[in-house]
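# Per-entry structural report
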Amino acid sequence: MIRSLVAGVGAYLPARVVDNDELATRLDTSDAWIRERTGITRRHIAAEDELTSDLAVEAARRALERAGLAPASVEAIVLATSTPDHTFPATATAVQRKLGAPTGIALDVQAVCAGFAYALAVADGFLRLGHARTALVIGAETFSRLLDWTDRSTAVLFGDGAGALVLRAERQAGTLADRGLLATKLSADGRHYGDLYVDGGPSATRTTGHLRMNGREVFRHAVARLSDSVLAVLAETGLSVADLDLLVPHQANLRIIEAVAKRLGLPPERTVVTVDRHANTSAASIPLALDVAASEGRLLPGRLVAVNALGGGFAWGASLLRW
Ligand code: ACO
């Protein structure tokens, strides 16, 4: 059978770093409050002239370099973002042009913080169905542009950044020892549309709007849904939490990450945490965390890795990969 193998991972963070103390000069907040409630100490913020596509292209270039591939070999670009350069066309087409990738598939996937899990599944489908042999799956966001910088309850939580994976279609035996994407479980529950949303949009208000969130409700659902989705992908393959080498969760909040690990019975050293340095970068957080894990030597070939995410919608999901 055909499976999607990870051939390379890359990431990009804007140069400007804003720590909690700097935010406290503009908002009625403190480093202690932000650290204690979220685990966040700092975040990267894109420069005025830096677009989501610019962040995405940098991450993609680095991932292709690590894979030893040229942009010419990219046949599909699936970009997860809720902060596109423009309402249309897809930011993935801007990435294709800036990267110098050839004509091929290019589209955006919008599932907010769960976007990377959804994009991975979309790209995996293209590869397994034979529509492409090499795909870039990118999560890239400039959430700083969506924030209400006068609202301390949301402004402190997010950052900008991008991460990318190169996936290659490879014929495998079809066993659990195979490398590549082994299972995916995706869900959404639109009854929570109003718990985490942007109060603008081309159809509703003809403006871009700002992020609004019912933080308590997000927290309550996140822990249960994130751990259940990991259990679901493991169950689909007949594997268990004990088989899992690494969980690379969406990086929203340290308390959510720790609560999920506890609920799964996963020791802290088998979970990747980057929210302290990156804050919540929405669809970019998982590939950014994968890049950190790779650079720390934690993603060795053959390791069993789960990723999971939840965001606005609510939309959520998990995937299981043999690295
Ligand atoms: N600094 C200081 N005080 C603050 C801040 C801040 N930045 N933000 C809120 N407060 C105050 C509130 O005004 C409130 O004050 P009051 O009691 O005088 O009214 C008090 O702190 C408590 O506010 P709560 O919102 O109840 O605080 P809570 O303990 O729920 O923590 C938080 C808020 C961190 C947002 C939490 O609800 C949470 O982590 N939710 C998950 C949300 C999340 O991670 N969203 C990311 C997007 S979704 C995703 O990616 C999964």
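Numbers given for residues are sequential positions, taken from 1 along each chain in its written order. Given that this is a predicted model, residues contribute local features only at a pLDDT of at least 70 and side-chain atom pairs are listed and counted only at 80 or more, while totals for whole chains, interfaces and linings are drawn from all residues. Only hydrogens and water are removed before side-chain values are computed, so all heavy atoms of the structure are retained for them.

## Here we look at the overall build of the protein
In DSSP terms, a helix is any run of H or I states spanning at least four residues, a strand is any run of E spanning at least two, and both are numbered starting from the N terminus. Broken down by element type, the protein carries 10 helices and 13 strands. This radius of gyration counts C-alpha atoms alone. The globule rule is 2.2 Å times how many residues there are, raised to the power 0.38. Against the globule reference of 20 Å for 323 residues, the protein gives a C-alpha radius of gyration of 18 Å, in line with a compact fold. Projecting the C-alpha coordinates of the protein onto the three principal axes gives extents of approximately 55 × 45 × 35 Å. Throughout, exposure labels follow a simple rule: accessible area from a 1.4 Å probe, protein chains only, divided by the maximum for the residue type, with under 20% read as buried, over 50% as exposed, and the rest as partly exposed. Counting every position in the protein, which comprises 323 residues, the buried fraction comes to 55%. Every residue pair with non-hydrogen atoms within 4.5 Å of one another is taken to be in contact. Across the protein, every contact between residues at least 6 apart in sequence was considered, and the portion connecting residues at least 24 apart equals 75%. Just so you have it, the protein exposes about 13400 Å², and 51% of that area is on carbon and sulfur atoms. A distance of 4 Å separates the average location of the 34 positive side-chain charges in the protein from that of its 35 negative side-chain charges. Using the Shrake-Rupley algorithm and a 1.4 Å probe, accessible areas are obtained, with residue cover drawn only from the displayed protein chains. Positive residues here are Lys and Arg, negative ones are Asp and Glu, while His and the chain termini are left out of the count. Positions of charges follow a simple convention, taking NZ of Lys, CZ of Arg, CG of Asp or CD of Glu.

## What about helix H8 (residues 254-264)?
Three or more residues of H8 are buried, namely Ile 256, Ile 257, Val 260, Ala 261 and Leu 264. In a view along the axis of H8, the buried residues occupy a sector of 130 degrees, so they form one face of it. On its buried face, H8 is in contact with helix H7 (215-237), strand S11 (246-249), helix H9 (275-278) and strand S12 (304-311). Downstream of H8 by a residue or two, Gly 265 has a phi angle that is positive, lying close to 75 degrees. What the arc covers is the set of directions going from the helix axis to the C-beta atoms.

## Some points on the sheet that holds strand S4 (residues 76-80)
Pairs of strands are assigned from DSSP output, requiring at least two bridges between the strands. The strand order across the open sheet built from 5 strands is S1-S7-S6-S4-S5, with neighbouring strands paired in mixed fashion. Single-partner strands in this sheet number two, and they are strand S1 (2-12) and strand S5 (105-109). Across the sheet, the mean angle separating the axes of adjacent strands is 20 degrees when strand polarity is ignored. Taken together, the 9 bridges between strand S6 (residues 134-142) and strand S7 (residues 160-171) define a ladder with antiparallel strand orientation. Counted as the bridge partner of Ala 140 is Ala 162 from S7. Simply put, an axis is a line fit to the C-alpha atoms, just over the touching stretch for a helix, and the angle between two N-to-C directions goes from 0 to 180 degrees. Packing against the sheet, helix H10 (residues 285-295) makes contact with S1, S6 and S7, and its axis sits at approximately 85 degrees to S1.

## Thoughts on the sheet that holds strand S13 (residues 315-322)
Within the open sheet, the 4 strands sit side by side as S8-S13-S12-S11. Their pairing is mixed. For this open sheet the edge positions go to strand S8 (180-188) and S11, each flanked by a neighbour on one side alone. The mean inter-strand angle of the sheet, taken between neighbouring strand axes irrespective of direction, is 15 degrees. Two elements, S8 and S13, share 8 bridges in a ladder whose sense is antiparallel. From the neighbouring strand, Leu 186 faces S13, where its bridge partner is Gly 317. Across the sheet, H10 is in contact with S11 and S12; its angle to S11 comes to roughly 140 degrees.

## Side note on the domain arrangement of the protein
Size of an interface, as often reported, equals the accessible area lost when the parts are brought together. Domain delimitation in this document rests on an assignment produced automatically or drawn from a domain database. Per the domain assignment, the segments making up the protein are domain 1 (2-171) and domain 2 (180-322). Of note, the centres of domain 1 and domain 2, computed from C-alpha atoms alone, are 15 Å apart. Counting residues at the interface gives 52 residues for domain 1 and 46 residues for domain 2. Buried area adds together the accessible area that both of two parts lose upon being put together, with accessible area traced by a 1.4 Å probe. Roughly 3700 Å² is buried in total at the junction of domain 1 and domain 2, and carbon and sulfur atoms are behind 67% of that figure. The largest per-residue losses of area from domain 1 upon contact with domain 2 belong to Cys 113, Tyr 118 and Leu 146, which jointly make up 16% of the total buried on that side. Within this document, salt bridges are pairs made up of a side-chain nitrogen of Lys or Arg and a carboxyl oxygen of Asp or Glu, the two lying within 4 Å of each other. On the surface where domain 1 and domain 2 come into contact, there are 2 salt bridges.

## Focus: the pairing of S6
Remark: a regular strand shows side chains that alternate across the two faces of the sheet. With 9 of 9 residues buried, S6 is to be regarded as a mostly interior element. Covered by surrounding structure in S6 are Thr 134, Leu 136, Ile 138, Ala 140 and Thr 142 together with Ala 135, Val 137, Gly 139 and Glu 141, the residues of both alternating faces. Strand direction decides the pairing type here: S4 and S6, joined by 5 bridges, are parallel. Within S6, the residue paired with Val 78 across the bridge is Val 137.

## Points about helix H2 (residues 31-38)
Buried within H2 we find Asp 31, Ile 34 and Thr 38. What you see down the axis of H2 is that its buried residues fit within an arc of 80 degrees, all on one side. Along H2, exposed side chains directed more than 90 degrees from the buried face belong to Ala 32 and Glu 36. Each element contacted by the buried residues of H2 is listed here: helix H1 (20-24), strand S3 (42-45), H8 and H9. Following H2 by one or two positions, Gly 39 adopts a phi angle in the positive range, close to 85 degrees.

## A few points about the site of the ligand
When at least one non-hydrogen atom of a residue lies within 4 Å of a molecule or strand, that residue is treated as near it. Lining the immediate surroundings of the ligand are 22 residues, of which Thr 29, Arg 37, Arg 216, His 250 and Asn 253 lie closest. Two N or O atoms form a polar contact when they lie within 3.5 Å of each other; inside protein one atom must be a possible hydrogen donor and the other a possible acceptor, and for residues adjacent in sequence the pair counts only when both atoms belong to side chains. Within the contact set of the ligand, an oxygen atom lies 2.8 Å away from a side-chain nitrogen or oxygen of Arg 152. Burial of the ligand by the protein chains amounts to 75% of its free accessible area of 1000 Å². Broken down by secondary-structure element, the contributors of at least two residues to the shell around the ligand are H2, helix H6 (152-155) and H7. For the shell around the ligand, the element with the most residues is H7, which contributes 4 residues. Three or more residues apiece are contributed to the shell around the ligand by two domains, here domain 1 (2-171) and domain 2 (180-322).

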